[in-house]
Amino acid sequence: MSTTSDLIATAVLIGPGALLSIPVLASQRGTHADSTVIRRALAASAAERAARTTATTDPAPPDGGEGAPAPADTAPAARLAAVIALPEERMRRAA
């Protein structure tokens, strides 16, 4: 192949990817800026909710809905049956 055909093949193969990378990089930069703003808003909201929660001791939600359920009983779980180990030779023959 000649140098000219190599340059044309390179331009055909790499050119579209290079042109498409410009808007992709621009959108990624915008997404990063949006993510920063969203993180700040969520942090402010979480701080406000935490301050409001510690200030009130009423378990009922502010919108009049049903309160949180009572904690489950913390009794220890029943013991399970013992596991019996079978001889390995017997298992190999069955397989």
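I will try to describe carefully the structure that is included in this document. Counting from 1, residues in each chain are numbered in the order their sequence is written. Residue-level local features of this predicted model are given only where pLDDT is at least 70; pairs of side-chain atoms are given and counted only at 80 or more, and the full residue set underlies all totals for whole chains, interfaces and linings. Based on all heavy atoms of the structure, the side-chain values leave hydrogens and waters out of the count.

1. Focus: the overall build of the chain
Right, so step 1: By the criteria applied, helices consist of DSSP H or I runs no shorter than four residues and strands consist of E runs no shorter than two, each listed in order from the N terminus. On a plain count of helices and strands, the chain comes out with 2 helices and 0 strands.
Right, so step 2: Throughout this description, buried means an accessible area under 20% of the type-specific maximum (1.4 Å probe, protein chains only), exposed means over 50%, and partly exposed covers the range between. Going through the 95 residues of the chain one by one, you find that 0% of them count as buried.
Right, so step 3: Under the convention used here, a 1.4 Å probe and the Shrake-Rupley method define accessible areas, while residue burial counts only the protein chains that appear. Here the chain has roughly 9,100 Å² of accessible surface; of this, 64% comes from carbon and sulfur atoms.

2. So, a nonpolar patch on the surface
Right, so step 1: A cluster of nonpolar side chains, contributed by Ile8, Val12, Leu13 and Ile14, occupies part of the molecular surface with about 440 Å² of accessible area.
Right, so step 2: Structurally, Ile14 is set in helix H1 (residues 3–55).
Right, so step 3: The exposure class assigned to Ile14 is exposed, which follows from its relative accessible area of 54%. Patch definition: residues above 30% relative accessible area lacking any salt bridge, with like charges linked at up to 9 Å and the nonpolar side chains Val, Leu, Ile, Met, Phe, Trp and Tyr linked at up to 5 Å. Every case where a carboxyl oxygen of Asp or Glu lies within 4 Å of a side-chain nitrogen of Lys or Arg is listed as a salt bridge.

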